[in-house]
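# Notes for the structure review
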Amino acid sequence: MKQRFFTTLALAALLTLIAAMPAQAVYPDKPVTMIIAFTAGGSSDVQARIMEKYWNKYVPQQKWVFVYKPGAGGAIGFGEIAMARKDGYTIGGINIPHLVIQALTQKAQFKVDDFDYICQVVNDPQCVVVRKDSKIKSAKELFDYAKANPGKLKVGLVGPNSGHHLMYLDARKKLGFPVTEVFYKGAADQNAALLGGEIDAMFGNLNDVMRSLEEMNVLALAAEKRNDFLPKVPTLKEQGYNILSDIRRAFVAPKGIPAADLAFLRETFKKICMDPDYLKDMKTAGQPAEYLDGAALLKHMQSLETEIRNAFAKK
Amino acid sequence: MSEFLLPALGHLCEPLNIVLMLAGLAGGIIIGALPGLTATMGVALMVPVTFAMDATSGLVMLGAIYVGAIYGGSNSACLICTPGTPSSVATTFDGWPMCQAGKADRALMTSLLSSSFGGIVGTFFLLFLAAPLARVALKFGGPENFWLCLFGLSSIAVMSSGNMFKGLVSGGLGMLVATIGLDPHVATPRFTFGYYPLIQGVEVIPAMIGLFSISQVLYLIGSYKPFIAQYNPTPGVFGIVARELLGKCKTVLLRSSIIGTFVGMLPGAGGEIASIIAYNESKRWDKQPDRYGTGITEGVAASESANNGVIGGALIPMLTLGIPGSAVAAVILGALLAKGIQPGFKVFTVTGDLAYTFILSQFAVNLLMIPVGLLLIRLLVRLLSIRLTFVAIGIVLLSVIGSYAIRNSMLDVWIAMFFGILGYFCNRVKLDTGAMALGIILGPMVEENFGKCVSLAKAPGSSVMQVFLDSPIAVALIFLTLLSLCTPFLMDLRRRRAAAEAGLPARPAPTSRADWLKDMLSGLFVLLVAAVFFTQLHELEDVGRNYALLLLAFITLMGIWLCLQGFRKRRFPAGGLASGDEEPVAMRRVAIIVAASAAYAAITPVLGFYPASALFLCLSAVVLNDTDGSPYVAACLLTLIMCLAVWLVFAVLLGVPTPEGMLFQ
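## Looking at the overall build of chain A
Within chain A, the regular secondary structure consists of 11 helices and 10 strands. Dimensions of chain A along its principal axes, counting C-alpha atoms only, are 85 × 40 × 30 Å. Burial analysis of chain A (315 residues in total) assigns 57% to the buried set. At a minimum sequence separation of 6, the contacts of chain A that also span at least 24 residues come to 77%. As displayed, chain A offers around 13700 Å² of accessible surface, 57% of which is attributable to carbon and sulfur atoms.

If you want it as structure tokens, here you go:
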């Protein structure tokens, strides 16, 4: 009796397998799960929703199913992507450098190598910001003031162990930047603290700073070139400070999905990122779009890994 | 401003906007009433929908959901003693006793009308005083927020007067639990007990679902009652409650609404603190504070007007400065930004049309809420005519999906289960679950702001003392906190004086036979928790360690004190022994539902949500059947209705993902 039961079971399993075989026709032939490591309605979600609109334009036959896995600054969701089934039907959004820092400093359950990189979609540069009524009017004045009055300047950062923190460590190493650092939980708190006068200056993302632009004076961008959102703001490089720092958003799959699927995803995402309507939508939403292909992104990740290892080791 | 008001009124009267307001309200109320689905989630879920609308309509709808959900939370608070959103914790204090006394309709009507009143007061401030108030809100930095949180925590003392030490230790336990997860100062895992997923910490919502909903399920199942509460409808309840609110409760209403608006304005502090502060202030200034907690209109009115007052307040810094005053406001801000609308003082001129339509819609929504709410109240009180066993089983189902939906994580379901059993135990030994919830909510904010102050004090020429005390607001808050801590003693003094005047001997309340055991057990439990956390302490560093150490020391002291108290009571029972005040408990039924719920959570990831739920509903309804008739028909009916309702609301209407199984999706 028992034996017969198991035979039946084995037969059923075999049949299921056979039934599943022809399903591997053309990728994608079922909906693709999109893991977002932050809450619904957040900045990462908004960006992915814009992507979704154009995915539906280029791949109308299959939709995205959004799954939100927030927690621990993205680490929970990034881990979910890394551990997802490698069939190409689970992809997700990541934030850089969060992912690299978590992998290196927080005993996270993933490494930089655990992902197949599809492409980068956003490059949100860090800005040096003061209040509009501040006496400090340029990045040079800020750095000079900090040096002349060690510890006097209070600088707000989101963190710790974040992109902001990384930029701060870099500035301290390169310029000697003796200030009092204060960490905030998020950009909203940080903006409030600057406007309320608790801190004198802050390092903040362009996207976050844009919310309260009326009250703030953006002194400089830590980017290679000026940004379309604030064309009048110079870069730190222009002013002779070699500091680059940004938060990037990218899309990834777990490492080891079928090569053809990865190629399809990379191709489609590239098409989306080049679409003029997409770029217009991104601009409206205040998301600084910057496309970088998978291979270039991986290279960036690896160099970041070295940089972060050094920065936090010497802290 | 005036040039925008008329066109805004015109926009508001567009049929689409009216439909959106009504739909948003009704949806919001349902989301709010379901334990686990919060206002934040309700609004966040609808953000993608607004992408397809024009900015104004989208904003109007999100605002309506916000208002509806915050009000909706009071319904479950009154009917099943489970706050639907964290903002309505304080509503349970008087709403639930009212319901138990058969006055459910009065409790619900009070919360509806007070919510509407609070909402209108908040919107009034938003319309006329947004700019100056936003400047005031910015004055709240690290030190001010730190003291505000302590002021909020000090309310535990007032809340649990007569039982103050247990209240304080419960608050401490809540704060300790909240330290699990990522250390905010050094960003390393803390108190994860070697289990990595705990790095995401104990979220407030699953913990609250456990402490309130699931523990309530255990209590209900264990009681030998056929229904949750008697229900004697009052004829003309609307008129009676309205007169009462505008008559003797008007001071309470106005004060609470203003407290709500003000707390709402502060970034970081939202409805969950505002309602507790408002409740306590009402109690403190009342001539007979002892009435609070026995089921009085003022208690419900204070909490509910405050949490709806928060909405207008939270929108003030969001619109004028781009700084959200609450988690929901943050989501709405995201929707605004996605539409390319820049917040700022200019929002009232450059995009004045949108801003004023939105503000006026808030007035309209708060007024429309009364008819919509009246309709839903009629439906909701029907709950009281369903057999208790079925309601309790249904609540377990909602608790599971609700806690899962917060972060789409089964861990949160287990957290809810754990806190359910913990909450039940706490209620039995008279530890205060309300205070514990407050600790979990406020703990992280206390720690975060404490850390900020320590950082700020590192600047040359400043010291810790200076940072903590160097602002008039901080000093005022310290004064209020001290006042709040003294209140129980003052109240006690007043009580004794009154007793003396009446010629009665001042005598402590009689203690029941089991009282010493309760103190003993709670003391031992507290010490056990402290010991468990202590084993993990060596991993910590810096502020995170000192903060945890401080909490542990406090908890240990309190635990020892409770044990001593137990000894004392056993040897010298004060005021004579009173017995028979304990309700009988059907422990077997409690054990069954605990086991069934745990099994349910365990098989969900295997079978998938719907098959597991059907199995759980059907089996537990059959096993726990307490009628004489055949259980099978009722059990099948319950299973069918619940599964269908959950599927309709969660999958079809809201698009909330349910746990996937390995066998079925």
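## Some remarks on the interface of chain A and chain B
If you look at the interface, chain A gives 44 residues, while chain B gives 47 residues. Across the chain A/chain B interface, buried area totals approximately 3600 Å², and carbon plus sulfur atoms make up 60% of it. In this assembly, chain A and chain B are joined by two salt bridges. Residues Glu 448 of chain B and Lys 185 of chain A are paired through a salt bridge, measuring 3.6 Å at the closest nitrogen-oxygen approach. Here chain A is connected to chain B by seven residue pairs in polar contact (both at pLDDT 80 or more).

## Points about the environment of Arg 226 of chain A
Residues and elements named next belong to chain A. Mapped onto the elements of the fold, Arg 226 is located in the loop between β8 (216–221) and β9 (246–254). Residue Arg 226 is classed as partly exposed on the basis of its relative accessible area of 38%. When the C-alpha atoms of Arg 226 and Glu 238 are compared, they prove to be 9.5 Å apart, with 12 residues separating the residues in sequence. Within the structure, the side chain of Arg 226 is placed 3.1 Å from the backbone oxygen of Pro 231, a separation counted as a polar contact. Within the structure, the side chain of Arg 226 is placed 2.7 Å from the side chain of Glu 238, a separation counted as a polar contact.

## A few points about the nonpolar core
Residues Met 51, Phe 269 and Tyr 278 of chain A together with Tyr 66, Phe 419 and Ile 593 of chain B are the most contacted members of the largest nonpolar core, which totals 274 residues. The dominant element in this core, judged by the number of residues it contributes, is helix α6 (residues 104–138) of chain B, at 15 residues. Beyond its immediate stretch of four places on either side in the chain, Phe 419 of chain B contacts Val 177, Val 202, Ala 207, Gly 210, Leu 211 and Ile 440 of chain B. Judged by nonpolar contacts, the second largest core, of 55 residues, contains Ala 82, Val 155, Tyr 168 and Leu 304 of chain A.

## Some details on the domain arrangement of chain B
Residue and element names in this part refer to chain B. Partitioning chain B into structural domains gives domain 1 (2–385 + 432–501) and domain 2 (587–654). Distance between the C-alpha centres of domain 1 and domain 2: 32 Å. Across the boundary between the two partners, domain 1 contributes nine residues, which contact nine residues of domain 2. Linking domain 1 with domain 2 are one residue pair in polar contact (both at pLDDT 80 or more). Sorting the residues of the side of domain 1 that touches domain 2 by element identifies α3 (39–50) and α9 (204–222) as the ones contributing at least two each. Looking at side-chain class alone, the side of domain 1 that touches domain 2 contains eight nonpolar, one polar and no charged residues.

## Some thoughts on the packing of helix α17 (residues 410–428) of chain B against helix α18 (residues 433–456) of chain B
All names here are of chain B. At a closest axis distance of 10 Å, the pairing of α17 and α18 adopts a crossing angle of 135°. As far as their axial angle goes, α18 and α17 are oblique. Residues Phe 419, Leu 422, Gly 423, Cys 426 and Asn 427 of α17 touch α18, and the partners they reach there are Thr 433, Met 436 and Ile 440.

## Regarding α17 of chain B
Residues and elements named next belong to chain B. Under the 1.5 Å per step criterion, the end-to-end length of α17 is 28 Å for 19 residues, consistent within 8% with the ideal 27 Å. In this structure Ser 409 caps α17, since a side-chain oxygen of it lies 3.2 Å from the backbone nitrogen of Leu 411. Taken from the residues just after α17, Lys 430 is the one with a positive phi, measuring 65°.

## Regarding a nonpolar patch on the surface
Residues Met 1, Phe 124, Phe 128 and Leu 129 of chain B make up a contiguous nonpolar surface patch of about 370 Å² in total accessible area. Relative to the helices and strands, Leu 129 of chain B is located in helix α6.

## Focus on the packing of helix α7 (residues 142–159) of chain B against α18 of chain B
All names here are of chain B. Where α7 contacts α18, the axes come no closer than 8 Å and their chain directions differ by 155°. If you check the angle between α7 and α18, you find them roughly antiparallel. Note on packing geometry: the crossing formed by α7 with α18 is left-handed. Seen from α7, the contacting residues are Gly 142, Pro 143, Asn 145, Phe 146, Cys 149, Leu 150, Gly 152, Leu 153, Ser 155, Ile 156 and Met 159; seen from α18, they are Gly 434, Ala 435, Leu 438, Gly 439, Leu 442, Met 445, Val 446, Asn 449, Phe 450, Lys 452 and Cys 453. Taken together, the residues of the contact of α7 with α18 sort by class into 14 nonpolar, seven polar and one charged.

## Things to note about the side chain of Glu 298 of chain B
Positionally, Glu 298 of chain B belongs in helix α13 (residues 297–321). Once residues lying within four places of it in the same chain are set aside, the contact partners of Glu 298 of chain B are Lys 248, Cys 249, Val 252, Arg 291 and Tyr 292 of chain B.

## Quick word on helix α11 (residues 250–265) of chain B
Residue and element names in this part refer to chain B. Along its 16 residues, α11 runs 23 Å from first to last C-alpha, staying within 8% of the 22 Å computed at 1.5 Å per residue. By the burial criterion, the buried members of α11 are Val 252, Leu 253, Ser 256, Ser 257, Ile 259, Gly 260, Thr 261, Val 263, Gly 264 and Met 265. Residues of α11 that are buried sit in contact with α6, α10 (237–246), α12 (271–285) and α13.

## A closer look at the environment of Ile 240 of chain B
Residue and element names in this part refer to chain B. Relative to the helices and strands, Ile 240 is located in helix α10. Each C-alpha atom of the pair Ile 240 and Met 109 lies 9.6 Å from the other, and the pair is 131 residues apart in sequence. Those residues in contact with Ile 240 that lie beyond four places of it in its chain are Arg 106, Thr 234 and Pro 235.

## Thoughts on the confidence of the model for chain B
Residue and element names in this part refer to chain B. Averaged over all residues, the pLDDT of chain B equals 86, while 96% of them reach at least 70. Across chain B, the secondary-structure element scoring lowest on mean pLDDT is strand β4 (residues 577–578), at 50, and the one scoring highest is α11, at 93. Taken over the whole predicted complex, pTM reads 0.86, whereas the ipTM for its chain interfaces reads 0.83.

## Side note on the pairing of strand β6 (residues 180–184) of chain A
Residues and elements named next belong to chain A. The buried fraction of β6 is high, at four of five residues. Sheet analysis places strand β5 (residues 154–158) next to β6, joined by five bridges and oriented parallel. Following the sheet pairing, Leu 157 is matched in β6 by Phe 183. Tracing the backbone out of β5, into helix α6 (residues 163–175) and back to the parallel element β6 gives a crossover that is right-handed.

## Re the domain arrangement of chain A
Residues and elements named next belong to chain A. Looking at chain A, the domain boundaries give domain 1 (2–123 + 247–313) and domain 2 (125–246). The distance between the C-alpha centroids of domain 1 and domain 2 comes to 31 Å. Counting residues at the interface gives 19 residues for domain 1, matched by 15 residues for domain 2. Here domain 1 packs against domain 2, burying approximately 1400 Å² in sum over the two surfaces, 59% of which is carbon and sulfur. The tally of links between domain 1 and domain 2 comes to one salt bridge. Across the pair Arg 248 and Asp 246 runs a salt bridge, and its minimum N-O distance is 3.0 Å.

## Digging into the pattern of salt bridges
A pair can form between side chains of opposite charge whenever their charged atoms are brought close. Going through the model one piece at a time under the given rule, you end up with 26 salt bridges over all chains. Salt-bridge contacts for Arg 291 of chain B lead to Asp 286 of chain B; the nearest nitrogen and oxygen are separated by 3.1 Å.

## Section: the state of the cysteines
All chains considered together, the criterion is met by zero disulfides over all chains. Here Cys 273 of chain A stays free of any disulfide, with the sulfur of Cys 119 of chain A as its closest cysteine sulfur at 4.5 Å. The buried category is assigned to Cys 273 of chain A, whose relative accessible area is 6%. Lacking any disulfide linkage, Cys 149 of chain B is separated from the closest cysteine sulfur, that of Cys 453 of chain B, by 11 Å. The class of Cys 149 of chain B is buried, set by a relative accessible area of 1%.

## Quick look at the confidence of the model for chain A
The predicted coordinates ought not to be read in detail in places where the model reports low pLDDT. The predicted model of chain A has a mean per-residue pLDDT of 85, with 91% of residues at 70 or higher. Low pLDDT, under 50, characterises residues 19–23 of chain A; the stretch is placed with one contact to residues that sit more than four places away or in other chains.

## Overview of the packing of aromatic side chains
Aromatic ring pairs are reported here in terms of the distance separating the ring centres and the angle at which the planes meet. Residues and elements named next belong to chain A. Taken as a whole and assessed by the stated rule, the structure comprises 38 aromatic pairs over all chains. Ring centres of Tyr 27 and Phe 264 lie 5.6 Å apart, and the angle between their planes is 85°; on these two criteria the pair is classed as edge-to-face. Of this pair, Tyr 27 sits in the loop between α1 (2–20) and β1 (32–36) while Phe 264 sits in helix α9 (residues 259–274), and the two are 237 residues apart along the sequence. Residue Tyr 27 is classed as buried on the basis of its relative accessible area, which comes to 11%. Pairing Trp 55 with Phe 264 gives two aromatic rings, centres 6.5 Å apart and planes at 85°, and the pair type is edge-to-face. A residue pair is termed long-range when its members are at least 10 positions apart, and Trp 55 in helix α2 (residues 43–58) and Phe 264 in helix α9 qualify at 209 residues.

Criteria and cut-off values
Along each chain, residues carry numbers from 1 onward, in the same order as the chain's sequence is written. The lettering of chains begins at A and the numbering of ligands begins at 1, in the order of writing. Where local features are concerned, this predicted model is filtered to residues with pLDDT of at least 70; where side-chain atom pairs are given and counted, the filter is 80 or more; whole-chain, interface and lining totals use all residues. With hydrogens and water set aside, each side-chain value is computed from the structure's full complement of heavy atoms. Here a helix means four or more residues in a row that DSSP labels H or I, a strand means two or more in a row labelled E, and each is numbered from the N terminus. Whether a residue is buried, partly exposed or exposed follows from its accessible area with a 1.4 Å probe, protein chains only, as a fraction of its type maximum: under 20%, in between, or over 50%, in that order. Pairs of residues are marked as contacts when any of their non-hydrogen atoms sit within 4.5 Å. Accessible surface is estimated by sampling points in the Shrake-Rupley manner with a 1.4 Å probe; for residues, cover comes only from the protein chains shown. Two parts lose some accessible area (1.4 Å probe) when they are put together, and adding that loss for both gives the buried area. Criterion for a salt bridge: a side-chain nitrogen of Lys or Arg within 4 Å of a carboxyl oxygen of Asp or Glu. N or O atoms within 3.5 Å of each other form a polar contact, as long as, within protein, one can give a hydrogen and the other can take it, and as long as residues adjacent in sequence are counted only when both atoms are side-chain atoms. In this description, a nonpolar core means a group of buried Ala, Val, Leu, Ile, Met, Phe, Trp, Tyr and Cys residues linked to one another through side-chain atoms lying within 4.5 Å. Note: domain ranges come from an automatic or database domain assignment. Three classes are used: nonpolar for Ala, Val, Leu, Ile, Met, Phe, Trp, Tyr, Cys and Pro, charged for Asp, Glu, Lys and Arg, and polar for all others, with Gly counted as polar. Fitting a line to C-alpha atoms yields each axis, with helices limited to the stretch in contact; the angle taken between N-to-C directions then spans 0 to 180 degrees. If an angle is under 35 degrees, it is roughly parallel; if it is over 145, roughly antiparallel; if it lies from 65 to 115, roughly perpendicular; otherwise it is oblique. How far a helix is expected to stretch is found by multiplying one less than its residue total by 1.5 Å. Two joining distances apply to patches: 9 Å for like charges and 5 Å for nonpolar side chains (Val, Leu, Ile, Met, Phe, Trp, Tyr), and every residue must have over 30% relative accessible area and no salt bridge. If you view the pair so one helix is near and one far, a crossing is left-handed when the near helix is turned anticlockwise from the far one by less than a right angle, and right-handed when it is turned clockwise. Confidence per residue, as judged by the predictor, is encoded in pLDDT with a range of 0 to 100. Two strands are counted as paired when DSSP detects at least two bridges linking them. For the handedness criterion, the strands are oriented away from the viewer, and a crossover whose path from the first strand over the helix to the second runs clockwise is classed as right-handed. Working definition: a disulfide is two cysteine sulfur atoms within 2.5 Å of each other. The aromatic pairing rule takes the rings of Phe, Tyr and Trp, using the six-membered ring of Trp, and pairs them if the centres are within 6.5 Å, calling planes under 30 degrees apart stacked, those over 60 edge-to-face and the rest tilted.

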